[in-house]
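Residues per chain are reported as follows:
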Amino acid sequence: MADTVQEFVFNLTFPFSRTLGSTLSTFSSALAQGQIIGVRTGGRVIAPPLEYDPDTAADSGTDWVCVGPKGTVSSWTWVPEPTNLHPLDHAFGFAFITLDGADTPMIHVVDAGSESAMSAGMRVEARFKDPADCVGRIDDIIAFVPASDPSPSEGAGEPFEAPAENEITEMDAFCDLQYVDNASPTTLMWAKALMEGRLIGQKCPQCARTIVGPRGMCSVCAIELDESHIVEVPGRGVVSNFTVVTPTPYPGQTETEPFARCSILLDGADAVIAQQEILEVPVSELRVGIHVEVVWAPENERSAADIDNRSRGSGGDIIVGWRTTGEPDEPADRYLDRMM
Amino acid sequence: MAPSENDIAIVGFAQLPPERRTNLTESDLVLRSTREVIAQVGIDKSEIGFTVSGSCDYLSGQGFSFVQNTDAYGMVPAINESHVEMDGAWAMYEAYVRLLQGDIDIAMAVGVGKNSNSDPSTLFTVEFDPYYLTPLGTDTWTLAALQARALIDSGKATERDFAEVVVRNRANAKSNPFAQVKGDYSVDELLAADYVRNPLRRHDLPPTTDQAAAVILARGKRAYDLCERPAWITGIDHRIEAHLPTVRKDITTSVSTRLAAEAAGAGKGPIDVAEIHAPFSFQELILRESLGLDGSTEVNPSGGALAAHSVMTVGLIRVGEAANQIIKNGKNRALAHTTSGPCLQQNLVCVLEGDQ
Ligand SMILES: [Zn+2]
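The rules behind each value
- Residues numbered from 1 in each chain as written.
- Chains lettered and ligands numbered in written order.
- Predicted model: local features only at pLDDT ≥ 70, side-chain atom pairs only at ≥ 80, totals over all residues.
- Heavy atoms only, no water.
- Core = buried A, V, L, I, M, F, W, Y, C linked by side-chain atoms within 4.5 Å.
- Buried < 20%, exposed > 50% of the residue type's maximum accessible area, 1.4 Å probe, protein only.
- Helix = DSSP H or I, 4+ residues; strand = E, 2+ residues; numbered from the N terminus.
- Contact = heavy atoms within 4.5 Å.
- Axes fitted to C-alpha atoms, helices over the stretch in contact; angles between N-to-C directions.
- Parallel < 35°, antiparallel > 145°, perpendicular 65-115°, else oblique.
- Lys, Arg positive; Asp, Glu negative; His and termini not counted.
- Salt bridge = Lys/Arg side-chain N within 4 Å of Asp/Glu carboxyl O.
- Polar contact = N/O pair within 3.5 Å; in protein donor to acceptor, adjacent residues only side chain to side chain.
- Donors = N, O, S within 2.8 Å, 3.2 Å for Na, K, Ca; no water.
- Tetrahedral: all angles 85-135°; square planar, octahedral: opposite > 155°, others 65-115°.
- Expected span 1.5 Å × (residues − 1).

*Asks:* Let's hear about the nonpolar core: which residues, and what values?
*Replies:* In this structure, Val 110 and Phe 144 of chain A are the most contacted members of the largest nonpolar core, which totals 69 residues. The element contributing the most residues to this core is strand β6 (residues 92-99) of chain A, with six residues. Look past the residues within four positions of Val 110 of chain A in its chain and what remains in contact with it is Trp 78, Phe 92, Gly 93, Ala 95, Ile 97, Met 118, Met 122, Val 124 and Phe 144 of chain A. Counting residues in each nonpolar core, the second largest holds 34 residues, with Phe 13, Ile 236, Ile 317 and Leu 352 of chain B among its members.

Here it is as structure tokens:
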């Protein structure tokens, strides 16, 4: 039998489109053309621009100013080992860079070659992506690099004429975070029992309720439950609730047809086992009160890989689903006010 | 003092031992910390009129993780409950405000953070400006380092000063049973380490900690039923600065901390003990100055945030440690501080006083 899994790697990845609003649309549309801009507000030029004056919260307006592409480093640090989220795959600096024509610095990457090249006061200039690849996002600037000529940027500080309509009004973002969770003692007990073809719960010594699957606590009494409170529960019960999900397409969605997820109250239990699939019953014929029994995956096909802390009560790949027993339905109103 | 019915006190505080990596879930941690504080003040959970927690879905990597955590309160019959996606110190602030409404006498605030599931060098990129910072992978260590470099270049502090903060906090932590990082170190041995983000070394960064903590607050005379010497909250305030550190006029000082301390009445009398939440060593130097603390105040006898740093719990622990200075140590006036956001963006100051 396969071992229960001790650690679970979970990648939180999703695409995201952000609308930019008028200020950032102006900035992004200019940036995609290779022009960095700021906004003059409250007597100073803020670059990159914000929608509001941070001192007064007043609308920062549309007094756009061309800034850069050269600037001066005011503070800096060094990243010796970049992460997967950093834009460069070799050691680089981050810096506060006050672009020519601006009064506030921007935070950006400095590709300086070595840490010893970094200093306050160093002159740097923006290195853009190929114009065809520019989308108006801050990383259209690959990095700032030491300026070949420290003289002031041409045109910096001059007004920027924004087009009547901005070309870029949205920004694509992508979240990519990794988590490594470890199985709690309660999760391990549940996974082990499932692998052995057993369903277990924990019986609270205070209120005598049986909670399936085990939670490590009684969520009525707020007391800790452990291995000594484990009880076996039968693989038979009654559908106490269900919902029909009409799948909308999104990245990672594999379902295409409406499907149901059911709560099942196992015989002798007080809390339902949720998110279960009833086999061979059309969605339109599902109802509260149906008697069902568990269908296990064959022993050699069981895997506890999906039995993690977040899938509390889920059967993963070990429970294939539940099939009707053919017994007459129970009255539906018997299943009101059930705990999760 | 004879408390008025609108005086609110902290009457109990429990924290779990900090761990680098627990195998318990956040719900388990909430259960253990709340059970402990409830037992400490000797009430039944049904006497709690309001329960509020601080935790973060991004830390646990699970949407609505706080809903699962409420199992630990015993929610049948239904209870009055709330949640903030911030440190438990802000949950405590909400509990305080809730008690001021005057219809309940006891509230509980919880902070929980299982930080070991995620990677601090990447996770906090999603906390920052999504247009100008997140696409660059700008991480929390980088932003702190940029602030630290500015502090050095201003002439206010050196890397040696940073290391001295670490040496003192780790030494203080030796007498704190709830410290994860503690011991005797020398400044020179610390300064021999490599930079993680120049000018910051590993010791300047917060440790990664799994932990939970809980406090119980009580209103008016009810406080004396639960605690011999309540820690009265005589002032509390929370101020926020611009989210982009680059548009602040001077990041070598903390305007929001100064304003919060003034509004909380920190300067109205001497402060015996201050528990300061400085995630990065050098930030303690900025905060001491912005809080207006002088040499007469004992700072971070617990070892502070460098001794254990469970994001979402660490601020509430500052409040609890400060309260315990009054409840258990007989001190008269204590200050608790907590921060959130890049480069000390948000700051909360709470002044606690015992009966004289
Ligand atoms: Zn119970």
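Let us keep going from here.
*Asks:* Summarise the packing of helix α7 (residues 159-172) of chain B against helix α11 (residues 281-291) of chain B; cite the residues concerned and give the values.
*Replies:* All names here are of chain B. In the contact formed by α7 and α11, the axes pass within 7 Å of each other and the chain directions differ by 95°. Accordingly, the angle class assigned to the pair α7 and α11 is roughly perpendicular. Only Ser 281, Phe 282, Glu 284, Leu 285 and Arg 288 of α11 make contact with α7, whose side of the interface consists of Asp 161, Phe 162, Val 165, Val 166, Arg 168 and Asn 169.

*Asks:* Summarise the side chain of Arg 229 of chain B; cite the residues concerned and give the values.
*Replies:* Residue and element names in this part refer to chain B. If you trace the backbone, Arg 229 turns up in the loop between α9 (222-226) and β8 (231-240). It is Asp 355 that comes nearest to the buried, bridge-free Arg 229 among opposite-charge side chains, at 6.0 Å. A distance of 3.4 Å separates a polar atom in the side chain of Arg 229 from a polar atom in the side chain of Asn 332. A distance of 2.7 Å separates a polar atom in the side chain of Arg 229 from the backbone oxygen of Asp 355.

*Asks:* Pulling in residues and values, what's your account of the coordination of the zinc ion?
*Replies:* Residue and element names in this part refer to chain A. For the zinc ion, the protein coordination sphere consists of Cys 204 (SG), Cys 207 (SG), Cys 218 (SG) and Cys 221 (SG), at 2.3 Å. Every donor counted, the four donor atoms about the zinc ion form angles of 106 to 112° at the centre, which fits tetrahedral coordination. Mapping the donors of the zinc ion onto the primary sequence yields the spacing C-x2-C-x10-C-x2-C. With Cys 207 in the loop between β11 (199-203) and β12 (210-212) and Cys 218 in strand β13 (residues 217-218), the pair connects residues that are 11 residues apart, well separated along the chain. Taking relative accessible area as the criterion, Cys 218 reaches 0% and is therefore assigned buried.

*Asks:* Tell me about the pattern of salt bridges, residues and numbers included.
*Replies:* Once the charged atoms of two side chains with opposite charge are near each other, the side chains can pair. Residues and elements named next belong to chain B. Across all of its chains, the model carries 35 salt bridges over all chains by this definition. Two residues, Arg 219 and Asp 105, come together in a salt bridge whose shortest N-O distance is 3.0 Å. Of this pair, Arg 219 sits in strand β7 (residues 210-219) while Asp 105 is found in the loop between α4 (88-100) and β4 (106-114), placing the two residues 114 residues apart along the sequence. Residue classification places Arg 219 among the buried positions, given a relative accessible area of 11%. With relative accessibility at 33%, the residue Asp 105 sits in the partly exposed group. In this structure, Asp 153 and Arg 149 form a salt bridge, with 4.0 Å as the shortest nitrogen-oxygen distance. With a gap of four residues between them, Asp 153 and Arg 149 both fall in helix α6 (residues 140-153), about one helical turn apart. Exposure remark for Asp 153: the relative accessible area of 43% places this residue in the partly exposed category.

*Asks:* Can you tell me about α6 of chain B, naming the residues and giving the values?
*Replies:* All names here are of chain B. The end-to-end C-alpha separation of α6 is 20 Å, in line with the 20 Å expected for 14 residues at 1.5 Å each. Most of α6 is tucked away: 13 of the 14 residues are buried. Capping the start of α6, Asp 139 holds a side-chain oxygen 3.2 Å from the backbone nitrogen of Trp 141, two or three residues further along. Count one or two residues on from α6 and you reach Gly 155, which has phi positive near 85°.

Function cannot be inferred from these measures alone, as they are strictly geometric.
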